[in-house]
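# Chain and residue survey
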Amino acid sequence: MEHLVRFENVGLRYGMGSEVLKDVTFSIAPKSFQFLTGPSGAGKTTLMRLLFLSLRPTRGLITLFGRDVSSLDPDEVAVLRRRIGIVFQDFRLLDHLTTYENVALPLRVLGKEEASYRGEVTELLHWVGLGDRMDVLPPVLSGGEKQRAAIARALIGRPEFLLADEPTGNVDPTLARRLLRLFIELNRTGTSVLLATHDIALMDQYDARRLVIADGRLYVYD
Amino acid sequence: MSTTDTAPANGAPKAAEGAPRPPKARPQTSIVPGATIAGRALVAVVAIMTFLASLTIGAALAVRSTASHWRSDVTREVTIQIRAGDRKLTDAQVQQAAEIARTTPGVTDAHILSTEETGRLLEPWLGAGLDLGDLPVPRVVVVKIAPGAAVDFAKLRRTLSDRIPTASLDDHRLWSRRLGAMAEGVVLTGVVLLVLVGLATILSVVFATRAAVATNRAVVEVLHFVGARDGFIAAQFQRHFLKIGAQGGVIGGCAAALLFGAIVGLPRFGLVGDPEDPTFLGWLNPGIWGFVGIAGAVLVVALATALTSRITVYRTLRTIQ
Ligand SMILES: Nc1ncnc2c1ncn2[C@@H]1O[C@H](COP(=O)(O)OP(=O)(O)O)[C@@H](O)[C@H]1O
Ligand SMILES: [Mg+2]
């Protein structure tokens, strides 16, 4: 597989509004690391939603893992999403499930027995520093803890492609630096990472490819 | 976060502090919280609907079995009436009629009602102590038929009217036919009622499921994003609805069974008058098949509730991909 993702002349508008993204063309290689940046409201989250098939483009072609996304049925979408890890800007943790259960959710929806993945989930929770917060419900967690739980949930399925939407937006600079290191380490083990952020200081800490959205167009700086 | 320096193997971290817990099944919180489903209200609706369906099934079966019981009762006995005339002549005619009846195949007995017996039959209408000799009361021969025997009533009627012009045969056929038609009517009405009750139940479940999916939209979205298939999501809802259907069904079915049980059982304990009293509800005994039917209704309601919610979730999911 040459590209993990390929966008060709993709355009997107919400409802009857003007185009949020215009003629976007780029590709993401396997095992690559890139920042996605642009001012607030530029369309970073919109681009992310296109990438995990929560939105369909109003025009243009998106190829994901070699498949044209417009040809997928709902079950195929589900199967493709299992290869992608997503960290939402607003975490999207389920408040009635414990931290442990939230992180284990991607394995649970595969129909796996709880006993079969408990060790793995517990280990990952310790690794992100939530070892003693496993049985706590998300409303009790601090912003940084929620962020780490959301990241752990995105990682538990060993995705080939990790999408993180402003994962350092809610944490202090020290934790932000640590999270960035975490993503870099993850990338070194073979996962492609797309990290959306409008934090210039964060990007200056790591020399990587940058995808910049401005006025609805996407510019690539290799 | 002090261990972030150790790289995970493609997302799987190396051993960190704290050994993995021993694999012992721990209770899993249900993904769709039960509290978000209008469970109580739906249990009540399902219970009421099952109760109505069970009443319908029980009553229809009771009416059918009672009617067929009565029909076989009335058709096991026919009567020959002979208009009153000259006393001696009438006596001879009555004897002759009884003789004709006795020689007819399928007839087990022909009993001539004595004047006293006739008087007793008429007592409720005419009062006691009346000399029937003064009245032109017809004489009656009660003919008993062997169970299941097909007596040729047409021939018997012809023979009688040939030999005794004043004789008439009443084989209760009209009565029997009317009873049969009534029983069929009741059963048909019951079927229509069952269909309506079923539709109302399904509609209630559809609305409750739609509401549950709408309430849990955020949960559904997260499930989609982590790669859950629609079938998995539908199963999370279906689990709750199967429970609701089973609870409501059992409550409604038990209530109906208790009601019928009381109707059948109370007179045996002498709590309600005389069981032979025709005004008593004993004819409403649905029989063993009635109770089997009620159990069947409970099962069907529980499964239909689960299936309906599953299909509804599927359809709703298509709209929020
Ligand atoms: N669901 C939506 N419906 C309509 N407009 C939207 C929706 N989501 C985002 N937008 C608009 O699209 C533009 C890009 O938003 P977004 O992708 O969230 O930007 P970013 O993540 O870079 O801050 C904004 O102008 C925003 O108002
Ligand atoms: Mg955003």
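What you are looking at is a predicted structure, and each value in this text was computed from that prediction instead of being measured.

The number of helices and strands found in chain A is 7 helices and 10 strands. Over its C-alpha trace chain A gives a radius of gyration of 17 Å, about what one expects of a compact globule, namely 17 Å for 222 residues. In terms of its C-alpha atoms, chain A occupies a principal-axis envelope of roughly 45 × 40 × 35 Å. Classification of the 222 residues of chain A by burial places 57% in the buried group. Contacts spanning at least 24 positions in sequence make up 68% of the contacts within chain A whose residues lie at least 6 apart. Distance between charge centres in chain A, computed from 28 positive and 28 negative side chains, equals 2 Å.

This part is about the packing of helix 3 (residues 99-108) of chain A against helix 5 (residues 143-155) of chain A. Residues and elements named next belong to chain A. Packing of helix 3 against helix 5 leaves a shortest axis separation of 7 Å and a crossing angle of 30°. With respect to their mutual orientation, helix 3 and helix 5 come out roughly parallel. When you trace helix 3 past helix 5, the crossing you get is right-handed. On helix 5, the residues that touch Thr 99, Asn 102, Val 103 and Pro 106 of helix 3 are Ala 149, Ala 152 and Arg 153. Residue classes in the contact of helix 3 with helix 5 are distributed as 4 nonpolar, 2 polar and 1 charged.

Time to look at the coordination of the magnesium ion (ligand 2). All names here are of chain A. Within the protein, Thr 45 (OG1) and Gln 89 (OE1) serve as the donor atoms for the magnesium ion (ligand 2), at 2.0 to 2.5 Å. In this pair, Thr 45 sits in helix 1 (residues 44-51) while Gln 89 sits in the loop between strand 6 (84-87) and helix 3, placing the two residues 44 residues apart along the sequence. On the basis of relative accessibility, which here comes to 31%, the residue Thr 45 falls in the partly exposed class.

All names here are of chain B. Where helix 5 (residues 173-215) meets helix 8 (residues 287-318), the axes come as close as 9 Å, and the angle between the chain directions of the two elements is 45°. Relative to helix 8, helix 5 is oriented oblique. Of the two elements, helix 5 crosses helix 8, and the hand of that crossing is right-handed. Taking contact as the criterion, the partners of Ile 202, Val 205, Val 206, Thr 209, Arg 210 and Val 213 in helix 5 are, on helix 8, Thr 305, Thr 308, Ser 309, Thr 312, Val 313 and Thr 316. For the contact of helix 5 with helix 8, the residue count by class is 5 nonpolar, 6 polar and 1 charged.

Now for the environment of Asp170(B). All names here are of chain B. Mapped onto the elements, Asp 170 comes out in strand 4 (residues 167-170). We classify Asp 170 as partly exposed; its relative accessible area is 33%. As a C-alpha pair, Asp 170 and Gln 81 span 89 residues in sequence and 7.8 Å in three-dimensional space. When near neighbours in sequence (up to four residues on either side) are disregarded, Asp 170 contacts Val 78 and Thr 79.

This part covers the site of ligand 1. Residue and element names in this part refer to chain A. Around ligand 1, the neighbouring residues are Tyr 14, Val 20, Pro 39, Ser 40, Gly 41, Ala 42, Gly 43, Lys 44, Thr 45 and Thr 46. Within the backbone of Lys 44, a nitrogen or oxygen atom sits 2.8 Å from an oxygen atom of ligand 1. In the complex, the protein chains occlude 56% of the 560 Å² of accessible area that ligand 1 would expose alone. A per-element tally of the shell around ligand 1 places helix 1 first, with 3 residues. Each residue belonging to the shell around ligand 1 can be placed in one class, and the counts come to 4 nonpolar, 5 polar and 1 charged.

All names here are of chain B. Within the open sheet, the 4 strands sit side by side as 2-3-1-4. Their pairing is antiparallel. Unpaired on one side and paired on the other, strand 2 (107-112) and strand 4 mark the two borders of the sheet. If you compare each strand with its neighbour and ignore which way they point, the axes differ by 20° on average. Where strand 2 and strand 3 (residues 139-145) come together, 5 bridges link them in antiparallel fashion. What sits directly across from Ile 112, in strand 3, is Val 141. Set on the sheet, helix 2 (residues 87-102) makes contact with strand 1 (77-82), strand 2 and strand 3; between it and strand 2 the angle comes to about 170°.

Taken as a whole, chain B is organised into domain 1 (37-71 + 176-320) and domain 2 (84-165). Here the C-alpha centroids of domain 1 of chain B and domain 2 of chain B sit 52 Å apart.

Another aspect to go through is the pairing of strand 4 of chain B. Residue and element names in this part refer to chain B. The alternating pattern of strand 4 places Ala 167 and Leu 169 on a buried face and Ser 168 and Asp 170 on a face that is not buried. Inspection of the sheet shows strand 1 paired to strand 4 by 4 bridges, in the antiparallel sense. Following the sheet pairing, Thr 79 is matched in strand 4 by Asp 170.

With that out of the way, let us pick up the sheet that holds strand 1 (residues 5-13) of chain A. All names here are of chain A. Here we have 4 strands laid out as an open sheet, ordered 2-1-4-5, and antiparallel in their pairing. Each of the sheet's edge strands pairs with one partner strand only, and the pair in question is strand 2 (19-28) and strand 5 (67-68). Pairing between strand 1 and strand 4 (residues 59-64): 5 bridges, direction antiparallel. Bridge pairing in strand 4 places Gly 11 opposite Arg 59. Strand contacts of helix 1: strand 1, strand 2 and strand 4, with the helix running at about 125° to strand 1, the strand carrying the most contacts.

Now for the confidence of the model for chain B. Residue and element names in this part refer to chain B. Residues of chain B with pLDDT of at least 70 account for 84%, and the chain-wide mean is 80. Under a pLDDT of 50 for its full length, residues 1-19 has, in the predicted model, 46 contacts with residues more than four places off or in other chains. Scoring the predicted complex yields pTM 0.75 and, for the interface, ipTM 0.91.

So, how was this worked out
Residues numbered from 1 in each chain as written. Chains lettered and ligands numbered in written order. Predicted model: local features only at pLDDT ≥ 70, side-chain atom pairs only at ≥ 80, totals over all residues. Heavy atoms only, no water. Helix = DSSP H or I, 4+ residues; strand = E, 2+ residues; numbered from the N terminus. Rg over C-alpha atoms; globule rule 2.2 N^0.38 Å. Buried < 20%, exposed > 50% of the residue type's maximum accessible area, 1.4 Å probe, protein only. Contact = heavy atoms within 4.5 Å. Lys, Arg positive; Asp, Glu negative; His and termini not counted. Charge placed at Lys NZ, Arg CZ, Asp CG, Glu CD. Axes fitted to C-alpha atoms, helices over the stretch in contact; angles between N-to-C directions. Parallel < 35°, antiparallel > 145°, perpendicular 65-115°, else oblique. Left-handed = near helix turned anticlockwise from the far one by under 90°. Nonpolar A, V, L, I, M, F, W, Y, C, P; charged D, E, K, R; others polar. Donors = N, O, S within 2.8 Å, 3.2 Å for Na, K, Ca; no water. Near = heavy atom within 4 Å. Polar contact = N/O pair within 3.5 Å; in protein donor to acceptor, adjacent residues only side chain to side chain. Areas by Shrake-Rupley, 256 points an atom, 1.4 Å probe, with all protein chains shown as cover. Pairing = 2+ DSSP bridges. Domains from an automatic or database assignment. pLDDT = per-residue confidence, 0-100.

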